[in-house]
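Inside the fold
So the chains spell out like this:
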Amino acid sequence: MIRFDSVTKRYPDGTTAVDGLSFEVGEGELVTLVGPSGCGKTTTMMMVNRLIDPTHGRISVDGADIAGVDPVQLRRRMGYVIQQTGLFPHRTVLDNTATVPVLTGWKKAKARERAAELLDLVGLDPGVYGSRYPEQLSGGQRQRVGVARALAADPPVLLMDEPFGAVDPVVRDRLQKEFLRLQATMHKTVLLVTHDIEEAIRLGDRIAVYGTGRIEQYDTPASVLGAPATPYVAEFVGTDRALKQLSVTTIDRADLERPPFARLDEPAAEAMTRMRTEGARWAVVLDEEGELHGWVGTEELVGAAGTVAGHARRMEAWVPVTGTLKDAFSEMLKHDAGWIAVLDGHRFLGVLTPTTLHEALRRTIGGRGERGVRRERAEVDSVPTQ
Ligand SMILES: Nc1ncnc2c1ncn2[C@@H]1O[C@H](COP(=O)(O)OP(=O)(O)OP(=O)(O)O)[C@@H](O)[C@H]1O
């Protein structure tokens, strides 16, 4: 979709901002460009919409060399979001958002209708915010308008330069989450510049880690963290890369343990005898469909009448199987639990324990550590608390 072939940019004063850059961004891919200040990220991005032209090399979009494309036409296919948002101060939020459709010849009413839809999409009620001016918005709201405006003409490409840079960490976290949710439905081809490795990891399908004027590593977040290509990249991603890895490693079904279980409709006395025979102090409670109902300890079942259903406790600590190891770990901490359940929809798949989490993490760091010996039963010494 976007391809750089040996691209060099030398400014008139002799500064080489990027030097022999070659990489490719696939259609629908979100690529983050990350690196320290002055390493050439913004220059790279501005060459894509021809705000800057390269000194040498070729950049193509959809196979066509952009040197031969009229910059105005080119920019209509590319939404552009910058940190300062670049909103027009004397235009309302609605008119700011409608800018590009109006420029491309849409009727004003239709463009405003589209703008209202987009404001809604980025979480701003057009009825409340549409008639305001940029200075009447918070920083986070302005950033949202910036994103809405960039999306207004539905361009296939989005160029984003520190789009969430000017807001506090809490707002940034929310904007990043919302943007990921949008991207999951939009599938735009996105180039996003950031100097924040956490943001690059969280948002990027792939990350380009810049040294000075060149890319040191171009790979998935998991590979950049798990196997940094150079000592520079290792230092840039930080000594806590193992922790960062948690947020990009998804749960592997093979890591799950199968703890003892009791059926919901099983007589309580029967379940207790069976659990005691197995040496279990607790069991997960499943219904006949294999869905998780909760958990029960042997103490609750001593002398208990009726079925297990009447004695099961709610399970608070669980994660979907689509979650990351970080999700699993933080749920475990939140509920002070020795293990957490992993569900596929409502279906119970197994549990993760600190031991299995640790094994999974070790395996992802530099490929060290083999999958641990599977145990039949979870080794746990505490259960989720309410
Ligand atoms: N117009 C210009 N003339 C001369 N040098 C420039 C010009 N614009 C940028 N540079 C230089 O080119 C290099 C790369 O700048 P660029 O803005 O691309 O870096 P960056 O990685 O985006 O930095 P930051 O994170 O600070 O925005 C820097 O050394 C910068 O000083």
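Where an unreviewed UniProt entry is consulted, the protein appears under the name ABC-type quaternary amine transporter, with the organism given as Streptomyces sioyaensis. Of the comments in the UniProt record for the protein, the one headed Sequence similarities (unreviewed entry) reads "Belongs to the ABC transporter superfamily."

1. Some points on the overall build of the protein
Counting its secondary structure elements, the protein contains 16 helices and 16 strands. When the backbone C-alpha atoms are referred to their principal axes, the protein occupies close to 85 × 50 × 35 Å. The proportion of buried residues among the 386 residues of the protein is 48%. Taking the intrachain contacts of the protein between residues at least 6 apart in sequence as the baseline, contacts between residues at least 24 apart amount to 62%.

2. Brief notes about the site of the ligand
Residues in close proximity to the ligand include Tyr11, Asp13, Thr15, Ala17, Pro36, Ser37, Gly38, Cys39, Gly40, Lys41, Thr42 and Thr43, which together make up its full environment. Gly40 has a polar backbone atom sitting 3.0 Å from an oxygen atom of the ligand. A distance of 2.8 Å is found between an oxygen atom of the ligand and a side-chain nitrogen or oxygen belonging to Lys41. In isolation the ligand exposes 640 Å². Once the protein is present, 60% of that is buried. In terms of residue count, helix H1 (residues 41-48) provides more of the shell around the ligand than any other element does, 3 residues in total. Grouping the constituent residues of the shell around the ligand by class yields 4 nonpolar, 6 polar and 2 charged.

3. Details of the sheet that holds strand E11 (residues 261-263)
One key point about sheets: their strands pair by backbone hydrogen bonds, in either a parallel or an antiparallel sense. Spatial strand order, E11-E12-E13: 3 strands in an open sheet with mixed pairing. Strands at the two margins of the open sheet, each flanked by one partner only, are E11 and strand E13 (292-297). Between one strand axis and the next, the sheet turns by 35° as a mean value, whatever way the strands run. When E11 meets strand E12 (residues 282-286), the two strands line up parallel, connected through 3 bridges. Of the residues in E12, the one forming a bridge with Phe261 is Val284. Those strands touched by helix H13 (residues 268-277) are E11, E12 and E13, and its axis lies near 165° from that of E11.

4. Here we look at the UniProt feature "domain: ABC transporter" (unreviewed entry) in the protein
The sites that carry the UniProt feature "domain: ABC transporter" (unreviewed entry) are, in the present numbering, residues 2-237. Secondary structure across residues 2-237 divides into 39% helix and 25% strand, with the first and last C-alpha atoms of the span separated by 26 Å.

5. Looking at unusual backbone geometry
A positive phi angle, close to 45°, is found at Ser6, a residue other than glycine. With relative accessibility at 46%, the residue Ser6 sits in the partly exposed group. Backbone geometry at Glu162 places phi at a positive 50°, although glycine is not the residue there. Note on placement: Glu162 falls in the loop between strand E7 (157-161) and helix H8 (169-186). Accessibility expressed as a relative area gives 11% for Glu162, which makes it buried.

6. Some words on the side chain of Asp161
Along the polypeptide, Asp161 turns up in strand E7. The side chain of Asp161 sits in the buried core without any salt bridge; Lys41 is the nearest counter-charge, 7.2 Å away. Among the polar contacts made by the side chain of Asp161, one reaches the side chain of Thr42 at a distance of 3.0 Å. Aside from chain neighbours lying at most four places away, what touches Asp161 is Thr42, Met45, Val81, Ile82, Gln83 and Val193.

7. Some remarks on the pairing of strand E10 (residues 215-219)
Examined bridge by bridge, strand E9 (residues 206-210) and E10 share 4 bridges and lie antiparallel to one another. When the bridges of E10 are listed, Ile207 appears paired with Asp219. Between the antiparallel neighbours E9 and E10 lie 4 residues, among them Gly213 with a positive phi of about 75°.

Analysis parameters
Residues numbered from 1 in each chain as written. Predicted model: local features only at pLDDT ≥ 70, side-chain atom pairs only at ≥ 80, totals over all residues. Heavy atoms only, no water. UniProt positions renumbered as here; feature names shortened; annotations may be inferred. Helix = DSSP H or I, 4+ residues; strand = E, 2+ residues; numbered from the N terminus. Buried < 20%, exposed > 50% of the residue type's maximum accessible area, 1.4 Å probe, protein only. Contact = heavy atoms within 4.5 Å. Near = heavy atom within 4 Å. Polar contact = N/O pair within 3.5 Å; in protein donor to acceptor, adjacent residues only side chain to side chain. Areas by Shrake-Rupley, 256 points an atom, 1.4 Å probe, with all protein chains shown as cover. Nonpolar A, V, L, I, M, F, W, Y, C, P; charged D, E, K, R; others polar. Pairing = 2+ DSSP bridges. Axes fitted to C-alpha atoms, helices over the stretch in contact; angles between N-to-C directions. Lys, Arg positive; Asp, Glu negative; His and termini not counted. Salt bridge = Lys/Arg side-chain N within 4 Å of Asp/Glu carboxyl O.

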